[in-house]
Amino acid sequence: MSTRHLVDPSLLPLTAHEFLPGLSRENLADGRTFMDQMIASIAPRTTALRSEARIPGRNGAPDVRLVIQTPPGQSTAPRPAVLFLHGGGMVMGSASMGEGFDAELALAHDAVVVSVDYRLAPEVPFPGPIDDVYAALRWVHANAASLGVDPSRIVLMGQSAGGGLAASLAQLTRDDNGPRPAAQILIYPMLDARTGTALEADPNPTTGEFSWTRAHTRFGWESLRGDYLPTDSRAGHFSASLGQDVSRLPPAFIAVGSLDVFFDESMDYARRLSRAGVPVELHVYPGAIHGFDAIPNAWMTTSFKRELNEALTRALRAPTELES
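Residues numbered from 1 in each chain as written. Predicted model: local features only at pLDDT ≥ 70, side-chain atom pairs only at ≥ 80, totals over all residues. Heavy atoms only, no water.

(A) Quick look at a nonpolar patch on the surface. A cluster of nonpolar residues, M267, V280, L282 and V284, forms a patch on the protein surface that exposes about 250 Å² of accessible area. With 3 residues, the single largest contributor to the nonpolar patch is strand 8 (residues 280-285). (Patch = residues over 30% accessible without salt bridge, like charges linked within 9 Å, V, L, I, M, F, W, Y side chains within 5 Å. Areas by Shrake-Rupley, 256 points an atom, 1.4 Å probe, with all protein chains shown as cover. Salt bridge = Lys/Arg side-chain N within 4 Å of Asp/Glu carboxyl O. Helix = DSSP H or I, 4+ residues; strand = E, 2+ residues; numbered from the N terminus.)

Have a look at this one:
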């Protein structure tokens, strides 16, 4: 069944060529090169003050590289912070992916944006990537004063695989009594390791044909899983949808396209959060496929950016005296 007729006309350029066909261990290096070249071709439109840091990994793991974007000028009060986690299916990408986007966020919200260069599967399977992003969260929280950051206003944000990591990180830091994020911003998040496998309960025939497919998703999760069996208390740290308890998590913003392979799992996760008493803001964009915001002038990209920035403004604001 072809779903091309369901794709919004403004996004049809994204369907012209198959994205990373047959992604596997054998051609992963080529896929990574392709993604790096695609990232390099996108020049940042705005400039914040950029710096890097290398921080100790969790439990003796290698150092984690962070890219930090700070608004220019002195602030009279501590700024909020965004911990940004890049996409790439758990197997590709780097902190460089979001540098232009991170700079825009830093300037638009007068916030410090920290992007995490977490290790990738299959070379580093679970729990390597989640350990890296947790180390980053703890470091930002512990070093809030030197970063000029308010430790009570740190927001988790991720795209695709990074959105899944952000959701898992929210569960991990809760379970470990770690820093409590102010919110979790999940942009077409990769949440459920069952998608694309025989364990997927009810595959949606209208999702996942274009851009990022079930085959891509299956390869990403298999690479991340390694020898781990997600049947213990860490299952939600591996795949957020496998977490048995989603209560006491920070408020969530979830954005996804109606044709995205992650549409159903995003809807299900939003429903579970709501039933657990977690505030949820959910946006579904009709006719949108995975990565739809790569088309800057599409109507849903404009709507998404407006709704994202409005939600981020609310999440990052300082509490009033009555709320504190």
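(B) The sheet that holds strand 5 (residues 149-159), seen in detail. One open sheet accounts for 8 strands, arranged 1-2-4-3-5-6-7-8; its pairing is mixed. The open sheet is flanked by strand 1 (49-55) and strand 8, the only strands paired with a single partner. Shown here is a sheet whose adjacent strand axes are inclined to one another by a mean of 20 degrees, direction ignored. Note: strand 6 (residues 183-187) against strand 7 (residues 252-257), 4 bridges, orientation parallel. Bridge pairing in strand 7 places L186 opposite I254. (Pairing = 2+ DSSP bridges. Axes fitted to C-alpha atoms, helices over the stretch in contact; angles between N-to-C directions.)

(C) Just the packing of aromatic side chains, in detail. Inspection of every chain in the model, using the stated rule, returns 11 aromatic pairs. Ring geometry for F292 versus F304: centroids 5.6 Å apart, planes at 80 degrees, classification edge-to-face. Taken together, the positions of F292 in the loop between strand 8 and helix 9 (299-316) and F304 in helix 9 put the pair 12 residues apart, joining distant regions of the chain. The same class applies to F292 and to F304, which are both buried. Members of the aromatic cluster, each reached through a chain of ring pairs, are F126, W221, Y228 and F238. (Phe/Tyr/Trp six-rings, centres within 6.5 Å; stacked < 30°, edge-to-face > 60°. Buried < 20%, exposed > 50% of the residue type's maximum accessible area, 1.4 Å probe, protein only.)

(D) Structural detail: the packing of helix 3 (residues 128-142) against helix 5 (residues 161-175). For the pair helix 3 and helix 5, interaxial distance at closest approach is 10 Å and the crossing angle is 65 degrees. Comparing the axis directions of helix 3 and helix 5 gives the class roughly perpendicular. By crossing handedness, the relation of helix 3 to helix 5 is classed as right-handed. Each of P129, I130, V133, Y134 and L137 in helix 3 lies in contact with helix 5, whose residues at this interface are L165, S168, L169, L172 and T173. Classifying every residue of the contact of helix 3 with helix 5 by side-chain character gives 8 nonpolar, 2 polar and no charged. (Parallel < 35°, antiparallel > 145°, perpendicular 65-115°, else oblique. Left-handed = near helix turned anticlockwise from the far one by under 90°. Contact = heavy atoms within 4.5 Å. Nonpolar A, V, L, I, M, F, W, Y, C, P; charged D, E, K, R; others polar.)

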